[in-house]
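Structure at a glance
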Amino acid sequence: MIKPLNVDKLYTHCNLGIFDFKTTAELEDLDEIIGQSRALKAISFGIGIKKEGYNLYAMGKLGSGKHSVVEKFIQSRAKEEEKPGDWCYVNNFEDPRKPISLKLRPSMGIKLKDDMEELIEELKNIIPAIYESEEYREKKQSIIDKFNEIKEQSFESLKEKAKQESIAIRYTASGYTLSPISKENKILEKEEYQALSDKKKAQIQEKIKKFTTQIENTAQDMMIKGREQQKEIRELERNMTKKSVDNSIDDLKKKYQDYDKILTYLESVEEDIIKNSQDFLPATQTNLFFMGIRSTKDSGIFNKYRVNVLVSHKDVDGAPIIYENNPTYANLFGEIEHIAQMGTLLTDFNLIKAGALHKANGGYLILDASKVLMQPFVWEGLKRMLRSGEIRIESLAQSLSLISTLTLEPETIALDIKIVLIGSRILYYLLYNYDPEFKELFKINADFENDTPRNDENSLLYAKMIGMIARDNALLPLDREAVGKVIEYSSRLAEDSQKLSTHLGSLNNLLQEADFIARQKKKQKITKANIVQAIVEKIERSDRIKDRMYEAIQRGTILIQTAGKAIGQVNGVAIMDLGNFSFGHPLKITALTRLGKRGVVNIEREAKLSGPMHDKGIMILSAYLAATYAKDFPLSMTATLVFEQSYGKVEGDSASCAELFALLSSLSERALDQSIAATGSINQNGQVQAVGGINEKIEGFFDVCSLVSSTKRNGIIIPASNVKHLMLKEEVLEAVKNGTFEIYAIESIDEGMEILTGKKSGKKDSNGKFPKRSTNYLVEEKLKLLANKSKRKKI
């Protein structure tokens, strides 16, 4: 008969003898990441290789510290790398809708911006001074006088010619008049004109018409001369402005002589300033004032000469590292903003805003994979820019034709970046299998371990990590016993006494809660009692549903028998997972057998409450029955299996052992001990296999027995392969020590039946026969009887 496990098999205590410190305040910071050598090697390779498509996907459980590990690792490398240059946008004077991108050495973008602002401020003083200079006024007056002289000569000549033909031309402010004159050069009075003969009158009218035409022609000539005069004045202004602007622009050209694009830009700036020199005059300021604009700065008249520094790495050492927490389309790829003016949306290159791709260009961009995929069009946009190797800023609304507002088409920016996506394993495999581009763009994956071996070396490292977390979060130091309890709790999280969990999120939460408890008690350090209290209170905050279920069992609403014996009935144990908390609870499993042809009927499946894994377990159970007991005759049986008072989905094969026990009990008509529960899965050979949640299942049955059991002894059967996973709570350990609770580890179905029935299961002899009166013999005989009855019924 299998003996129950000793208490030393149920919990692996931390060896405090390996610690030579009193509190974690004495420990140095951890200089390595525990248990993540595979992931770190992958990260190192992914960051080191500078080829296209070698971006990185870091995968693991949420809270495993992927982000902090990746960021710290990148920081150590990025410091040694070259700082990327600045990126700016400037006006395209030929086509303002297509701003020009400029790349400069680090910090030079800010200098260029300042230099351009200084240039404009300087020209605001220089250009008005030019227009007020004596040289300018004299040259301009000379042009005006020359024109006026030509104009005066032309009209005087015409006036003289008319006079010779007895026509007087008089020029007034409103125009001109033509009148006949007498020989004494006096204008004819109306009566004198009326006294003239018709022939004379006709001659006068003909002359007036002729000179009117000549006046108009002369006026046309003067208009042309006037335009020539304005052209000369503009040329004068251009030449004098150019002379002054050249000096200022030449200084900038020398400063930025290594940048061909900037030199071309400065030439365009010079040409535009010369062309629009009037904008720099006080008269423009006066006109703006009457329009309600206080200054040229408010009017934006000089905005076209500004430099929009998109990205500058002035205060960054090495390559930039950017984490974008909210990767919307605009936040990631940049955007073109608009301003409302006179009821119209307007924009220019100064309203181009950088995205995370711009800020991280030349360095590293860290993104949460799930957030990227949840944002509309972001994933496709990211892939498109990685493939093209350039950043294109475009309005999402514009590209989707949602708005028709005039917008910009900024010149693209060369993209040189390493993308690090952080996400779950399932997301990685889905992308890898269903997105053909993913495997070409993210060729490196760093898979973070969920746990690491528990040994003395790792326990010491774990202690250092605990101390480091405490210091980083300004927590109280932990004493040795508290560190030991945290390590034991870590094994419980890992569901393995020989492993330590690498889930830093859970560890960090526990330490912060224990620190709060210790400070409430005015302690100077965190003790084991504080850790235990934090664990207990964490469970209490989440176990309302567990208490309600246990109360229903205690009050007899849910029928669970924990004492006595019953045929075809056994206590299985199920897990309820609430997300932040899971617990075990017993389920009554019953089996009924009779003559029939349907084999084992899974009532849960018939009711469509059974999951595929549970169905598989039932099929394996059926195969075991046929192979073990009915090799030489047909299995003429209908057996029904059901989870009593179960109204939800049943999934998993961890109850297949208990279901088989109930079935064998029904066939052999041997009662099973109801004080002992059972869990475990089986294979077709009757071997018992490990199941998940073993600690919760044991503790769940123990808690229920503590509430309702009338017997002095209870227990549970578990797979032998689950023993290494045991890290049970203190109450269970005490009950095992006192002999009131027993845990049996079995390797086969026969061993479990012997524990539950108290009878030998029996093994086949050399003739293939089971010993008489053994459980297996009774099962075989019952199946033979059913087969014979079925045969006789057919005859």
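Residues numbered from 1 in each chain as written. Predicted model: local features only at pLDDT ≥ 70, side-chain atom pairs only at ≥ 80, totals over all residues. Heavy atoms only, no water.

1. Remarks on the overall build of the protein chain
Threshold: Comment: elements are numbered from the N terminus, with helices defined as DSSP H or I runs of at least four residues and strands as E runs of at least two. Radius of gyration: C-alpha atoms only; globule rule: 2.2 Å multiplied by the number of residues to the exponent 0.38. Any two residues whose heavy atoms approach within 4.5 Å are treated as being in contact. The protein chains shown are the only cover counted for residues, whose accessible areas, like all others here, come from Shrake-Rupley with a 1.4 Å probe. Only four residue types enter the tally: Lys and Arg on the positive side, Asp and Glu on the negative side; His and the chain ends are excluded. To locate a charge, take atom NZ for lysine, CZ for arginine, CG for aspartate or CD for glutamate.
Scanning the protein chain from N- to C-terminus turns up 28 helices and 29 strands. Its C-alpha radius of gyration of 47 Å places the protein chain more than 25% over the 28 Å reference for a compact globule of 795 residues. With the principal axes as the frame, the protein chain shows a C-alpha extent of 165 × 75 × 50 Å. Taking the intrachain contacts of the protein chain between residues at least 6 apart in sequence as the baseline, contacts between residues at least 24 apart amount to 76%. Here the protein chain displays about 41,000 Å² of accessible surface, and carbon together with sulfur accounts for 49% of that area. With 116 positive and 113 negative side-chain charges, the protein chain shows a spacing of 8 Å between the two charge centroids.

2. Points about the side chain of Asn-602
The condition that has to hold: As used in this structure description, the phrase polar contact means that two N or O atoms lie within 3.5 Å; if the pair is within protein, one of them must be able to donate a hydrogen and the other to accept it, and residues adjacent in sequence are counted only when both atoms belong to side chains.
Mapping Asn-602 onto the fold places it in strand 22 (residues 599-602). Only 3.2 Å separates the side chain of Asn-602 from the side chain of Ser-610, close enough to count as a polar contact. Residues contacting Asn-602, with those up to four places away along its chain left out, are Ser-610, His-614, Asp-615, Ile-618 and Leu-641.

3. Examining the confidence of the model for the protein chain
Inclusion rule: Residue-level confidence of the predictor is what pLDDT reports, using numbers from 0 through 100.
Averaged over the protein chain, the pLDDT score is 89; the fraction of residues at 70 or greater is 96%. Mean pLDDT in the protein chain bottoms out at helix 9 (residues 296-299), which sits at 50, and peaks at strand 25 (residues 676-678), which reaches 97.

4. Quick word on the sheet that holds strand 3 (residues 100-104)
Neighbouring strands of a sheet are bound in pairs by backbone hydrogen bonds; such pairs are parallel or else antiparallel. Where we set the bar: Here the rule is simple: two strands pair whenever DSSP picks up at least two bridges between them. Only the contacting stretch of a helix is used when fitting its axis, a line to C-alpha atoms as for every element, and angles between N-to-C directions run 0 to 180 degrees.
Strand order across the open sheet formed by 3 strands is 3-2-6, with antiparallel pairing between neighbours. Only two strands of the sheet have a single neighbouring strand rather than two, namely strand 3 and strand 6 (308-311). In this sheet, adjacent strand axes meet at a mean angle of 30° when their direction is disregarded. With 3 bridges joining them, strand 2 (residues 86-90) and strand 6 adopt antiparallel strand pairing. Within strand 6, the position partnered with Cys-88 by the bridge is Val-309. Sheet contacts for helix 7 (residues 260-275): strand 2 and strand 3; angle to strand 3, the most-contacted strand, approximately 135°.

5. Description of the packing of helix 23 (residues 612-629) against helix 24 (residues 656-668)
Worth spelling out the cut-off: For classification purposes, angles smaller than 35 degrees are called roughly parallel, those larger than 145 roughly antiparallel, those between 65 and 115 roughly perpendicular, and all remaining angles oblique. By the definition used in this description, the sense in which the near helix is turned from the far one sets the handedness, with an anticlockwise turn below a right angle giving left-handed and a clockwise turn giving right-handed. Each residue is assigned to one class: nonpolar for Ala, Val, Leu, Ile, Met, Phe, Trp, Tyr, Cys and Pro, charged for Asp, Glu, Lys and Arg, and polar for all the others, Gly among them.
With their axes 10 Å apart at the nearest point, helix 23 and helix 24 run at an angle of 40° to one another. One element, helix 23, and the other, helix 24, form an angle in the oblique class. Our pair here, helix 23 against helix 24, has a crossing hand that is right-handed. Between helix 23, through His-614, Gly-617, Ile-618, Leu-621, Tyr-624, Leu-625 and Tyr-629, and helix 24, the contact on the second element is made entirely by Ser-656, Glu-659, Leu-660, Leu-663, Leu-664 and Leu-667. Split into classes, the residues belonging to the contact of helix 23 with helix 24 amount to 9 nonpolar, 3 polar and 1 charged.

6. Quick look at the pattern of salt bridges
Our working rule: Throughout this description, the term salt bridge denotes a Lys or Arg side-chain nitrogen within 4 Å of a carboxyl oxygen of Asp or Glu. Buried means the residue's accessible area, taken with a 1.4 Å probe over protein chains only, is under 20% of the maximum for its type, while exposed means over 50%, and partly exposed covers the values in between.
Summed over the entire model, instances satisfying the criterion amount to 35 salt bridges. The residue Arg-387 makes a salt bridge to Glu-437 at a minimum N-O spacing of 2.4 Å. With Arg-387 in helix 13 (residues 378-388) and Glu-437 in the loop between helix 15 (425-434) and helix 16 (438-441), this pair connects stretches of sequence that are 50 residues apart. Owing to a relative accessible area of 40%, Arg-387 belongs among the partly exposed residues under this scheme. A salt bridge links Arg-713 to Glu-742; the shortest N-O distance between them is 3.1 Å. You can see Arg-713 sitting in the loop between helix 25 (694-708) and strand 28 (714-719) and its partner Glu-742 sitting in strand 29 (residues 741-746), a full 29 residues away along the chain. Three or more residues joined by partner-sharing salt bridges are found here, namely Glu-380, Lys-383, Arg-387, Asp-435 and Glu-437.

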